[in-house]
Amino acid sequence: QQADLGVLGMGTMGANLALNFADNGGFTVALGNRTVEKAYGIRDSNPALAERLVPADSIEHFISTLKSPRVVVIMVNAGKPVDEQIDLVLPHLAPGDILIDAGNADFNDTVRRERAIKDTGIHFVGMGVSGGEEGARHGPSIMVGGDQAVWQRLKPLLEPISAKFDASPCVDWLGTDGAGHFVKTIHNGIEYADMQMIAEIYGVLRDGIGLSAGEIGDIFSDWNTRGLQSYLVEITAVTLREKDPETGKPLVDVIVDEAGQKGTGRWSVIEAQKLGVGATTLEAAVSARGISSRRAERAEAEKLFGDIETARAEFHGDHDGLAELEAALETAKIIAYAQGYAVMAEASREFGWNLPLGGIARIWRAGCIIRSRFLDDITQAYEAGEVVNLLQSPHFASRVREGQASLRRVVAKAALAGLPIPALSAALAYFDDYRHARGTTNLTQAQRDLFGAHTFRRLDREGVFHHKWPQV
Ligand code: 6PG
């Protein structure tokens, strides 16, 4: 039996992707896995698709079932497992074959792997896939890197399995080598920021107003009908309303407040820093997960500082109070996305990718974890003309102008009441920094020149200057 492509790695994501290729693509798919029984198990538990699923008994068998030129999709955990799979399959491939890494790779690894393979004539493609398990099975958002010519061959395979927004497939080629994985990394950084800001507003509603999880769930559900409409807000409402079958309490109330992370959020912040772009909301989100994981230490700190007198929280659960929180979250969200987009814009210049920023918003509108109505707004902002920064595009500029006062009030009130809102306050601080033509780093420059003769430029004259400062 000749398979149209093969998937290596039958974990949940790999298996679901393979089933998606067979189901929505109508393709015959070879299933490769270290434990062969798992591949057979996946075929056997999907009888309706069984004739298009070909479990492989060995890597040789896997390869022999594939039509030539071959397409192999690796879907395993990022890092060493990817290199192991590449080493396993590469000796069996021939020039013209396509090897895809569909995991959450560090784009630096993708660039390295592509370079290492290039001379063999085998094409290596780093491909970001978003949408979790459900997305992989029924329609993810797919961010493709590698050679553009290879994309032309992959398009017919990927379009049928991707999510659709108004019938438009949420998959595209974004740029050479690591572009696809880089964009996926920034997607995850934005995902972290979005989730953190939602959690902070949840904290205000819970600790600042004293609402129950169920009540907060209803509020998010209402917000999901307007500007904040998104998958993440939708699942926020679902998770908050869910009851623990054992205790009958809201399930979130019995879940430990320590967030896990697999690395992609952190990479997004590292890359932003390397590029010199301030992605402060993403940073705040990654740091907040770090702090959350030091639970015992936080308990000690509460003993030490818990009694500090703070102002009474001036948050209210009435119509106006909730509208203020809604506007604050929406405004901070715009700022967070603008930061993520600024990182991608800089990476595009730095790595010569020519990333289609509007196109990225277009393929994020459905399938991925950050899918939302808002991403359609971003798509339109890019379609309307050149965008220097999303905050300066007419649509978002007016939304931020309108919402900033709410964000300012929420941040100020939370600060006075001692409620932690690291990402929301980072968003506001960034915005205030960004909107000042005259900043304060003139002083930094003066200090640097004093202690290290690092020189400075002047407002009134061209050139580079060093001043003989008084000796200290
Ligand atoms: C997606 C998700 C997915 C995964 C993240 C979660 O786009 O489908 O981002 O890739 O859920 O890796 O990351 P953490 O485990 O770091 O929260």
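Residues numbered from 1 in each chain as written. Predicted model: local features only at pLDDT ≥ 70, side-chain atom pairs only at ≥ 80, totals over all residues.

**Digging into the pairing of strand β5 (residues 98–101)**
- Residues Ile98 and Ile100 point to one face of β5 and Leu99 and Asp101 to the other, with burial holding for every one of them.
- Alignment of strand β4 (residues 71–74) against β5, held across 4 bridges, turns out to be parallel. Following the sheet pairing, Val72 is matched in β5 by Leu99.
- Regarding topology, helix α4 (residues 80–89) serves as the crossover connection from β4 to the parallel β5, and that connection is right-handed. (Buried ≥ 20, exposed ≤ 12 C-beta atoms within 10 Å, placed from the backbone. Helix = DSSP H or I, 4+ residues; strand = E, 2+ residues; numbered from the N terminus. Pairing = 2+ DSSP bridges. Right-handed = clockwise from strand over helix to strand, strands pointing away.)

**Concerning the nonpolar core**
- Counting residues in each nonpolar core, the largest one holds 138 residues, and the members touching the most others are Val29, Leu31, Leu424 and Ala427.
- When residues of this core are assigned to their parent elements, the largest contribution, 15 residues, is made by helix α14 (residues 319–351).
- When residues of this core are assigned to domains, at least three fall in each of domain 1 (5–177) and domain 2 (184–434).
- Apart from the residues within four sequence positions on either side, Leu424 is in contact with Met197, Glu200, Ala328, Ala332, Leu407, Val410 and Val411. (Core = buried A, V, L, I, M, F, W, Y, C linked by C-beta atoms within 7 Å. Domains from an automatic or database assignment. Contact = placed C-beta atoms within 7 Å.)

**A look at the site of the ligand**
- Looking at the ligand, there are 14 residues lining it, with Ser130, Gly132, Gln261, Lys262 and Ile369 nearest.
- Elements that contribute at least two residues to the shell around the ligand include exactly α8 (179–209) and α11 (264–275).
- Split by residue class, the shell around the ligand holds 2 nonpolar, 10 polar and 2 charged.
- Mapped onto the domain boundaries, the shell around the ligand takes at least three residues apiece from domain 1 (5–177) and domain 2 (184–434). (Near = placed C-beta within 6 Å. Nonpolar A, V, L, I, M, F, W, Y, C, P; charged D, E, K, R; others polar.)

**Observations concerning the confidence of the model for the protein**
- This prediction gives the protein a mean pLDDT of 97; 100% of its residues lie at or above 70.
- Here the complex is predicted with pTM 0.97, and the ipTM for its interfaces comes to 0.97. (pLDDT = per-residue confidence, 0-100.)

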